[in-house]
Structure formats: structure tokens, C-alpha cells
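# Residue-level structure breakdown
Given next are the chains, with one letter for each unit.
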Amino acid sequence: MFDATKEYALKLDLEDESKKFRDRFYIQNDLIYMDGNSLGMMSIDAETCVNRVLNEWKTLAINGWSDAKIPWFYYAEELAKKMSKFMGTSENEIIIHSSATINLHIGLSIFYKPEGIRSKIIMDELNFPSDIYAVKSHIKSLGYEVEEVLELIKSNDGKTINEDDIINSFTNEIALVILPSVLYRSGQLLNIERITKEAHKKGIYVLFDLCHSAGAFRHELSKWDVDFAFWCGYKYFNNGPGGVASIYINKKHFDRETGLAGWFGYKKESQFDMKLDFVKSKNAGGFQISTPHLLSMAPLEGSLNIFEEAGIDNLRSKSLKLTDYLIFLIEKKLSKFDFTIGTPKEHSRRGGHVALEHDDAIRINEAIKNNNIIPDFRFPNTIRLAPIALYTSFFEVWKVVDIIEKIMMNEEYKKFDDKRSTIA
Ligand SMILES: Cc1ncc(COP(=O)(O)O)c(C=O)c1O
Ligand SMILES: Nc1ccccc1C(=O)C[C@H](N)C(=O)O
């Protein structure tokens, strides 16, 4: 069991075998970063790779496509091979591509083929809004009414979704289920394997948004038999703001058509034949659209190298210890101030962040920022705290809770307006 003293936090850091990776990141002195689940920090390795690609542009210009260290023409595929090790897939079932929401549109174009009564899509009411916007627009573009085909599973507590409610909604009217692996606000982790298995029993395709889990723990997408998944790279994978995202498509679907074709999905050997009939590459790469965003992909190369060294299972163990410790400290020191924890306690149901809830969360969040800590706030009452295994220390976790306790004791938060900023 943990103890709440500062000395104990320092002892946990001393015993931590992965603490050396912190030195690979640009950690700002005196600033405690607890927002790596929204935008991961910059590493030296990421910077090195961006600088290399910039230099290749400078010195090789167009020849970079064939002569760069990793030829640009194959860069998305080469990084996908590295990525596949952490996602539990074959190398060709992943492609590094575009952004999360665009990749969802691609998934919809492949899998949403309403037929007879099988025309409905299941999502959940706590889903990240961008996914809902994408699905609604796609439904409308096919000439359907959103109300007729989109079913949102309701939350019973405003924080979590009951998996049985999801599974009980599976009928022969459902074409697709689209869910987040980890809910962005509460940090609840859904059982991807169980949901996929139950959906498949009813002939339903399964699409997962892995934005809040990719890079937080090992996935086994092939084993779980998920049909399609997408995730951004800028959170736990530290790929930089707007960094290129990823697509996974199960190999049994390689022959499917995409509704959003483009020449970078063409069979690579003959892409430059410039034929007018599209011949899709028979792998995840076949679902690419345009020229890859090389400069926004390069940080991922460096970042994935760090993941290879650190080992994703070691990172998950440390992350669980960090969030266990954070939850312990919150319960011990903050319960008396009416805080609650929105994140499930069981490891099998927890992602990488902790949702700290309070009726006065907006002002408390402002006060936390005023103390050189970066958390984030999600409406209406959640302060998200994400200690990141690669670069957050146990001492920082201790300090964050210590500072919040002081903010509550001296009522510093009352100095701030109850008004959230534009990006929060
Ligand atoms: C769960 C989830 N889905 C989708 C997105 C949207 O990502 P993007 O803006 O990169 O398309 C985000 C983050 O912004 C997210 O957290
Ligand atoms: N892409 C962003 C751009 C600006 C500010 C935040 C984001 C996020 O990614 C937010 C994150 N998806 C969330 O879970 O709230």
C-alpha cells in the first residue's frame, strides 16, 4: 500500500526503472505537465527525426521520395510496421495516415453499407463529439435521417457506459458499432474484445476510436478481431500537435472498396503508371488518400523508437502505478473537499488518466494552472490529470495533490472567474 508522505514519493521515483526516459523529453523546469493525454510532450528523438527529414528536403528535394534514409514514398508504411508491434496487428494492417476524424470518415465509407433493415449505427452519448459529427454527416450524405439510424447508448451516471447496455442493443437492425476504447472524460476503458465478439455474433461490424488508448497500453487488435480502428498520434504517442494519425483494418477486409479513394492508396509498384482506373493496394495502405504529411509524421519515428526501448508493457505497469498512486492521494487528501473520482478503479476498466470531479472544477482548474501545473478541464465538472509513464515522476503526482489541497485549504480558487477558456 502507498503512503502519503513526500519521502515515499521520492522513494517510488528512486525505485522506478523507467525514470531515465524522462531525460529524453523537453521537460520545462518548475512546470508539472499533466496533459499528455491531450498533447504528449516533445522528445529529443522526435526533434531529431523532424530535423533529419527537414535536412533531407533541403539536400535531396524531390529525390527524398526515393533516397531519404527512410524513403519518403514508404515512410507511412515503415512507421506502420513499428506501430504494429504496440497494437497487436500484422505489419500491413496499419497505415500512418491523416487525422483521426478523417480516418473515421474513411472507416464509414468502407463499412457503412445499409442494407434492408440492417441500417443502424450504435454509438454512445459520452463519445468525443467529433466522432458523432462525422457519423451524422456521413448518414446525411447517404440520404438517411440521423434520428432513424443513429442510436446513442445512454450513460447511467454521466461518466461511464455500461457494457451490457451496449451489448443488449445489438440486434439484426444494427450495421455498425462505433465506440471509443477509453472515454475521453472519465477515462473508462471498455472491453474491446468482449464487445467485438458479441457484435460479431450478431453480424455487426466494429469500429474503435483508440485516441485515448493508443500508446497507453498494448492492444491486440488482430486477436480481438476488431474490423477497423483509428487513433491520433499526438496524445500518448507524442507525435506533436496535429501529428499524423493511424488506421487499422483487419486483413479480412483488404479487398473492400473505399469510398474516399486517392492515388496514395494505389498499388505502390504501379502508382506512377498514372492509369485512370484505381487499383487499390491490398493492405491498410490501400485506404490512404493523399501524399503523406512527412513533416508531421517524422516525430512519430523518434517517439516510436522510445517506445521500443521502454517497452509498452513496462509503460502500462508504470502508468497504472502512477494512477493508483494519484487516486490514493486524492482519496486521502482531497475527499474532505467534496472531490469525487470519475474514473473506474479496476485496472481492466481504466485508461491512462484520472478524472477528478468537483462542482467548482472550472475555478479549481484555473487555480491549478496558476500554480504551474497543466491539467485540463472538460465540461461540466471534470479536471483531467494524466501522469505519463515516460515522463511524469511520482514526486510530481504527489506535488499536484499537495498543491490542490493547499488551493482548497486557502480557497485560492475563489479568486478566479467561473468561466472556462476557449480551449478547454
Ligand atoms: C476520442 C477522440 N476522438 C477523436 C478526436 C479528434 O481527433 P482529430 O481532431 O485529430 O481528428 C479526439 C481528439 O481530439 C479524441 O480524443
Ligand atoms: N486536438 C486538440 C486540439 C486542441 C486542443 C485539444 C485537442 C485534443 O486533442 C483534445 C482531446 N481529444 C480531448 O480528449 O479532449
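Residues numbered from 1 in each chain as written. Chains lettered and ligands numbered in written order. Predicted model: local features only at pLDDT ≥ 70, side-chain atom pairs only at ≥ 80, totals over all residues. Heavy atoms only, no water.

## Thoughts on the pattern of salt bridges
Tallying each qualifying case throughout the model produces 33 salt bridges. We note a salt bridge from Glu151 to Lys120, for which the minimum N-O separation is 3.6 Å. Separated by 31 residues along the polypeptide, Glu151 in strand β4 (residues 150-153) and Lys120 in strand β3 (residues 120-124) bring together distant segments of the chain. Judged by relative accessible area, Glu151 falls into the partly exposed class, the value being 31%. For Lys282, the salt bridge is made with Asp255, and the minimal N-O distance between the two is 3.1 Å. Taken as a pair, Lys282 in the loop between β8 (246-249) and α11 (298-310) and Asp255 in the loop between β8 and α11 lie far apart in primary sequence, 27 residues in all. Pair check on accessibility: Lys282 and Asp255 agree, each one exposed. (Salt bridge = Lys/Arg side-chain N within 4 Å of Asp/Glu carboxyl O. Helix = DSSP H or I, 4+ residues; strand = E, 2+ residues; numbered from the N terminus. Buried < 20%, exposed > 50% of the residue type's maximum accessible area, 1.4 Å probe, protein only.)

## Regarding the UniProt feature "binding site: pyridoxal 5'-phosphate" (unreviewed entry) in the protein chain
Cross-referencing UniProt, the feature "binding site: pyridoxal 5'-phosphate" (unreviewed entry) maps to Thr101, Phe128, Pro129, Ser130, Asp131, Asp209, His212, Tyr234, Trp263 and Thr291 in the present numbering. In sequence the annotated residues extend across 191 residues, and in space they extend as well, their farthest C-alpha pair lying 30.2 Å apart. From the set just named, the residues that line the largest pocket comprise Thr101, Phe128, Pro129, Ser130, Asp131, Asp209, His212 and Tyr234. Considering the arrangement of structural elements, one finds Phe128 in the loop between β3 and α6 (129-141). Accessibility expressed as a relative area gives 39% for Phe128, which makes it partly exposed. Assignment of secondary structure puts Thr291 in the loop between β8 and α11. (UniProt positions renumbered as here; feature names shortened; annotations may be inferred. 1 Å grid on protein atoms, 1.4 Å probe; cavity = no way out; pocket = protein on both sides within 12 Å on 5 of 7 lines; lining within 4 Å.)

## Considering the packing of aromatic side chains
Evaluation of the coordinates by the stated rule reveals 21 aromatic pairs. Pairing Tyr266 with Phe278 gives two aromatic rings, centres 6.0 Å apart and planes at 65 degrees, and the pair type is edge-to-face. Taken together, the residues Tyr266 in the loop between β8 and α11 and Phe278 in the loop between β8 and α11 connect sequence positions 12 residues apart. Three or more aromatic residues link up through ring pairs in this structure, and these residues are Trp65, Trp72, Phe73, Tyr74, Trp263, Phe264 and Phe272. Over the ring of Phe73 we find Lys268, and its NZ or CZ is 4.0 Å from the ring centre. (Phe/Tyr/Trp six-rings, centres within 6.5 Å; stacked < 30°, edge-to-face > 60°. Lys NZ or Arg CZ within 6 Å of the ring centre and 35° of its normal.)

## Points about the layout of surface pockets
Empty space among the atoms becomes visible once a probe the size of a water molecule is rolled across them. A volume near 410 Å³ is recorded for the largest pocket. Around the largest pocket, the lining comprises 26 residues; the ones closest to its centre are Phe128, Cys211, His212, Tyr234 and Lys235. Taken together, the elements giving at least two residues each to the lining of the largest pocket come down to α5 (100-111) and α6. The element contributing the most residues to the lining of the largest pocket is α6, with 3 residues. Here the residues of the lining of the largest pocket are counted per class, giving 14 nonpolar, 7 polar and 5 charged. Empty space within the second largest pocket amounts to approximately 260 Å³. What lines the second largest pocket is a set of 15 residues, and nearest its centre among them are Leu189, Leu190, Asn191, Ile192 and Ser348. Looking at the lining of the second largest pocket, its residues break down into 6 nonpolar, 5 polar and 4 charged. (Points joined across faces, edges and corners; volume = space filled by probe spheres on them. Nonpolar A, V, L, I, M, F, W, Y, C, P; charged D, E, K, R; others polar.)

## Here we look at empty space enclosed by the protein
All told, the structure shown has 2 cavities of 30 Å³ or more when counted by the stated rule. In this structure, the largest cavity spans a volume of roughly 100 Å³. If you trace the largest cavity, you find 13 residues lining it, with Gly215, Ala216, Tyr236, Ile388 and Ala389 closest to the centre. Counting only domains with at least three residues in the lining of the largest cavity, you end up with domain 1 (6-30 + 311-415) and domain 2 (49-308). Of the voids in this model, the second largest cavity is the one considered here, and its volume is about 50 Å³. Classifying every residue of the lining of the second largest cavity by side-chain character gives 5 nonpolar, 1 polar and 2 charged. (Domains from an automatic or database assignment.)

## Observations concerning the site of ligand 1
Ligand 1 sits among Ala100, Thr101, Phe128, Asp131, Asp209, Cys211, His212, Tyr234 and Lys235. Taken atom by atom, the bulk of ligand 1 overlaps the largest pocket. Partitioning the shell around ligand 1 into residue classes produces 4 nonpolar, 2 polar and 3 charged. (Near = heavy atom within 4 Å. Sits in = over half its atoms within 2 Å of the grid points.)

## Describing the site of ligand 2
Around ligand 2, a shell composed of Ser38, Phe128, Tyr184, His212, Tyr234, Lys235, Arg378, Arg384 and Ile423 is seen. Between a nitrogen atom of ligand 2 and a side-chain N or O atom of Tyr234, the distance comes to 3.1 Å. At a separation of 2.8 Å, an oxygen atom of ligand 2 approaches a polar side-chain atom of Arg384. Starting from 370 Å² of accessible surface for ligand 2 in isolation, the protein chains cover 66%. When atom positions are compared with the pocket grids, ligand 2 is found to occupy the largest pocket. Partitioned by chemical class, the residues of the shell around ligand 2 number 4 nonpolar, 2 polar and 3 charged. (Polar contact = N/O pair within 3.5 Å; in protein donor to acceptor, adjacent residues only side chain to side chain. Areas by Shrake-Rupley, 256 points an atom, 1.4 Å probe, with all protein chains shown as cover.)

## Focus: the domain arrangement of the protein chain
For an interface, size is often stated in terms of accessible area lost upon the parts coming together. When its domains are assigned, the protein chain resolves into domain 1 (6-30 + 311-415) and domain 2 (49-308). Taking only C-alpha atoms, the centre of domain 1 and the centre of domain 2 are 30 Å apart. On the side of domain 2, 21 residues touch domain 1, which itself brings 30 residues to the contact. Roughly 2,100 Å² of surface becomes buried between domain 1 and domain 2 when both sides are summed, with 56% attributable to carbon and sulfur atoms. When the area that domain 1 buries against domain 2 is broken down by residue, the three leading residues are Ile312, Arg349 and His353, summing to 26%. For the pair domain 1 and domain 2, the number of links is 2 salt bridges. Where Arg218 meets Asp313, a salt bridge forms, and the shortest distance between an N and an O atom there is 3.1 Å. For the pair domain 1 and domain 2, the number of links is 11 residue pairs in polar contact (both at pLDDT 80 or more). Listed by contribution, the elements that provide at least two residues to the side of domain 1 that touches domain 2 are α12 (312-333), β9 (340-341), β10 (354-357) and β13 (382-385). Across the side of domain 1 that touches domain 2, the residue classes tally to 12 nonpolar, 10 polar and 8 charged. (Contact = heavy atoms within 4.5 Å. Buried area = accessible area lost by both parts, 1.4 Å probe.)

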